[in-house]
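# Analysis of the macromolecular model
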Amino acid sequence: MHVTVDVKGEGTHEIDLEELEERTYAGLLREVDLSPHEVSVLVDGRPVPEDQPVESDEVTVLRLIKGG
């Protein structure tokens, strides 16, 4: 299965899930050089845990912003 990972404001990545060692959302994040500690992963507009197996072919990634 191919997964489209849309990192908002940074671009879109096409990833072949079959080529990943870890087929979780955390595995997808590693593939696009992001840490689960700095982003939220959304499927159909809802957050998903990074340790959950990938079940969607479209994923949105939002960077978390700190500051005051």
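Presented here is a report on the structure given in the accompanying data block. Since the model is a prediction, treat every value here as computed from it, not as a measurement.

### Some thoughts on a negative patch on the surface
A contiguous patch of negative charge, built from E14, D44, D57 and E58, is present on the exposed surface. On the accessibility criterion, D57 (44% relative accessible area) is partly exposed.

### Here's the deal with the nonpolar core
Residues V3, V5, Y25, L28, L34, V59 and V61 are the most contacted members of the largest nonpolar core, which totals 18 residues. Elements with a minimum of two residues in this core: β1 (2–7), α1 (25–31), β3 (39–43) and β5 (58–63). In contact with V5, not counting residues within four places along its chain, are G11, T12, H13, I15, L28, V59 and V61.

### Thoughts on the pairing of β5
Where β1 and β5 come together, four bridges link them in parallel fashion. Counted as the bridge partner of T4 is E58 from β5. One ladder, built from four bridges, connects β3 with β5; its direction is antiparallel. Directly across from V41, in β5, lies its bridge partner V61.

### A few points about the pairing of β1
Sheet topology note: the β1/strand β2 (residues 11–16) ladder contains six bridges and is antiparallel. Residue pairing in the sheet places D6 in a bridge with T12 of β2. Hairpin connection from β1 to β2: three residues lie between these consecutive antiparallel strands, with G9 at a positive phi of about 80°.

Thresholds applied
- For every chain, the first residue of the written sequence is number 1, and numbering continues from 1 onward in sequence order.
- Selection of residues for local features in this predicted model requires a pLDDT of at least 70, selection of side-chain atom pairs for listing and counting requires 80 or more, and totals for whole chains, interfaces and linings are taken over all residues.
- Hydrogens and water molecules were not included; the side-chain quantities draw on all heavy atoms of the structure.
- Each patch is built from residues lacking any salt bridge and having more than 30% relative accessible area; the joining distance is 9 Å for like charges and 5 Å for nonpolar side chains (Val, Leu, Ile, Met, Phe, Trp, Tyr).
- Residue burial considers only the protein chains on display, and all accessible areas are found by Shrake-Rupley using a 1.4 Å probe.
- Here a salt bridge means any side-chain nitrogen of Lys or Arg lying within 4 Å of a carboxyl oxygen belonging to Asp or Glu.
- Just so you know, the count uses Lys and Arg for positive and Asp and Glu for negative, and it drops His and the chain ends.
- Just so you know, the charge point we use is NZ for Lys, CZ for Arg, CG for Asp and CD for Glu.
- Accessibility here uses a 1.4 Å probe with only protein chains present; expressed as a share of the type maximum, an area under 20% marks a residue as buried, one over 50% as exposed, and anything in between as partly exposed.
- Joining through side-chain atoms within 4.5 Å is the link that ties buried Ala, Val, Leu, Ile, Met, Phe, Trp, Tyr and Cys residues into a set, and such a set is a nonpolar core.
- Strands here are runs of E lasting at least two residues and helices are runs of H or I lasting at least four, both read from the DSSP assignment and numbered beginning at the N terminus.
- Note on contacts: a residue pair is in contact if any heavy atoms of the two residues lie within 4.5 Å.
- Strand pairing is assigned whenever DSSP detects at least two bridges linking the two strands.

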